[in-house]
Amino acid sequence: MKTTITPLVTYRNERPYPFCPGCGHATILDRLNEALQSLSLDPEKVVLVSDIGCSGLSDQYFSTSAFHGLHGRSVTYASGIKMARLDLTVIVIMGDGGTGIGGTHLLSAARRNIGVTVLVLNNFNFGMTGGQHSTTTPRGAITSTTRAGNLERPMDICATVAANGASYVVRATSFDEDLTERIADGIRSGGFSLLDIWELCTAYYVPSNKLSRRSLDELVEELDFARGVLASRELPEYSLAYRDAHKDHRNAPLLSATSIPVSFQNAVERRFELVVAGSAGGKIRSASRLVAKAAVASGLWVTQRDDYPITVMTGHSIAELVLDRSPIEYHAVSRPDALILLSDDGLKKSGAYLAAMTKEQWVFAEASLPPLQTAARVLLFDFGAMGIRCTRASQALAMLYAVARKLQLVSPQALQAQAGGAHSDTNTRALTAGEKIAEFWEAEIESV
Ligand SMILES: Cc1ncc(C[n+]2csc(CCOP(=O)(O)OP(=O)(O)O)c2C)c(N)n1
Ligand code: SF4
Ligand SMILES: [Mg+2]
């Protein structure tokens, strides 16, 4: 009877490895190939993510999908790929150098238990750049950067990721007979799995430290590092947990937008940039937001960009508003059409605006501020002299109302419609004060 033999899928391509004779990288990649064969995964759905170094050359010798990136960052690329494509088997191949350089990424991936498998090709030095010491170089080892012997304690990669939540962790050597199986188990585990595979860099580390297959085993014992399967446990996998946490929001954003119906007219003919500069605690941002909402309710497109120090109730507070009839693609303001200066804190941050402004633009400045260096038209205001009682918290909105009216940006009705809600009393008082300022300015012009 004729037997049909199904050819084994091979994940290796025809290209010979480029590594030095006896380099452990070749053996580990052969074991990876066998592990993939034993799992019969679709090669296109396997992504090898490689780091930099001799180990980083690895993906070229496989006919799987691949991603090659910066040194130490392969775990982040792998995490991104897994987050986007749950159906892919994502395997990182990195050296001990890359592990040290991207150490925090490794911790984050372990804490998340994201479903990628990391193979650390650990030859205790930077092979590709000539044998410099790395985070895993044993104490006393001679490398090109530790000529008198390494003084640092080597990092225990396995203990670190195991303590931080990895689901499957193994320490092995490239000579281990069960390495193929352990790699396959790591891939099968579905969570964050890492194999720290000790091996020989025959070009650099081996000659300087007389390391051999046998002394590799002794080294594990000497350092008192655990060997074999160090963790194998079921923990929630991050990309699945993320999808589950967001399942109710798949078609709706977490933050829903509130629509503002258009109920008022506007007379704005072109992009108009309005800046309010004052002190933190002066309700600059909330007053500007009220104006922005009124502008939206008047059919305009609006952006608001705030600037303030990270500390609260101290320093400047600036709001840049842009109003336009059409969508706003650039929301920064460098030369405002109108600048309201409420305090010294605001003035200190407004030098660039003032210097850029021309006589086409307006500055509305509190009267006690120092003289302004600007070519813009300046209108000084003094609440006391105008006979207007206005608390510090109401001044920004009062001035915005008066300026909006004077420059015909948004109608008083549109502003009043937004004044309700939690601060309706304060807002209403501010708008009344603003109305008085506008009347004062009109009376002044009439009396000229
Ligand atoms: C951020 C960064 N630092 C340094 C380098 C230079 N560099 C290239 S390969 C290499 C050593 C690689 O060592 P390892 O990751 O252990 O891989 P191996 O060559 O031993 O397989 C270094 C330091 C780099 N490419 N990027
Ligand atoms: S330099 Fe070291 S790590 Fe690089 S290929 Fe040669 S033996 Fe391997
Ligand atoms: Mg190395």
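First things first, this report covers the structure right here in the doc.

Rules used in this analysis
Residues numbered from 1 in each chain as written. Chains lettered and ligands numbered in written order. Predicted model: local features only at pLDDT ≥ 70, side-chain atom pairs only at ≥ 80, totals over all residues. Pairing = 2+ DSSP bridges. Helix = DSSP H or I, 4+ residues; strand = E, 2+ residues; numbered from the N terminus. Axes fitted to C-alpha atoms, helices over the stretch in contact; angles between N-to-C directions. Contact = placed C-beta atoms within 7 Å. Near = placed C-beta within 6 Å. Nonpolar A, V, L, I, M, F, W, Y, C, P; charged D, E, K, R; others polar. Core = buried A, V, L, I, M, F, W, Y, C linked by C-beta atoms within 7 Å. Buried ≥ 20, exposed ≤ 12 C-beta atoms within 10 Å, placed from the backbone. Left-handed = near helix turned anticlockwise from the far one by under 90°.

Here we look at the sheet that holds strand β12 (residues 316–324)
What the six strands build is an open sheet, ordered β11-β12-β10-β13-β14-β15; its pairing is mixed. The sheet is open, and its two edges are formed by β11 (301–307) and β15 (377–381), each paired on a single side. Strand after strand, the sheet turns through a mean of 15° between neighbouring axes, direction not considered. Two elements, strand β13 (residues 338–341) and strand β14 (residues 362–366), share four bridges in a ladder whose sense is parallel. Bridge pairing in β14 links Leu339 to Val363. Contacts between helix α10 (residues 284–296) and the sheet are confined to β10 (272–279), β11 and β12, with β12 contributing the most and set at about 10° to the helix. Those strands touched by helix α13 (residues 392–406) are β10, β13 and β14, and its axis lies near 150° from that of β13.

Regarding the site of ligand 2
Every residue lining ligand 2 is accounted for by Phe19, Cys20, Cys23, His25, Cys54, Asn123, Gly127, Met128, Cys201, Thr202, Ala203 and Tyr204. Of the residues in the shell around ligand 2, the class split is eight nonpolar, four polar and no charged.

Overview of the nonpolar core
Core analysis: the largest hydrophobic core is formed by 55 residues, its most contacted members being Val291, Ile340, Phe364 and Leu400. Among the elements that make up this core, the one with the highest residue count is α13 (nine residues). In this structure, Leu400 is in contact with Val276, Ala287, Ser288, Val291 and Ile340, ignoring residues within four places of it in sequence. Counting 48 residues, the second-largest nonpolar core is a separate cluster that includes Ile28, Leu106, Ala110 and Leu195.

Notes on unusual backbone geometry
Its identity is not glycine, yet Phe124 carries a phi of approximately 65°, on the positive side. In this fold, Phe124 is placed in the loop between β4 (117–122) and β5 (125–126). The phi dihedral of Asp224 is positive, around 60°, even though this residue is not glycine. The topology assignment puts Asp224 in the loop between α8 (213–222) and β9 (228–232). A count of 7 C-beta atoms within 10 Å places Asp224 in the exposed class.

Details of the pairing of β10
Across the eight residues of β10, seven count as buried, placing the element largely inside the fold. Two elements, β10 and β12, share eight bridges in a ladder whose sense is antiparallel. Bridge pairing links Val275 to Glu320 in β12. Where β10 meets β13, four bridges bridge the pair, whose relative direction is parallel. Residue pairing for β13: Val275 is matched across the bridge by Leu339.

A closer look at the packing of α10 against α13
The geometry of α10 relative to α13 is characterised by a closest axis approach of 8 Å and an angle of 35° between their N-to-C directions. Pair α10 / α13 crosses with right-handed handedness. Facing Ile284, Ala287, Ser288, Leu290 and Val291 of α10, the residues of α13 in contact are Ala396, Leu397, Leu400 and Ala404. Along the lines of polarity and charge, the residues of the contact of α10 with α13 split into eight nonpolar, one polar and no charged.

Side note on the environment of Ala166
One can find Ala166 in the loop between α5 (157–163) and β7 (168–173). Residues Ala166 and Asp178 lie twelve residues apart in sequence; the distance between their C-alpha atoms is 21 Å. Setting aside residues no more than four positions away along its own chain, Ala166 makes contact with Ala110, Asn113, Val161, Phe192, Ser193, Leu194 and Ala231.

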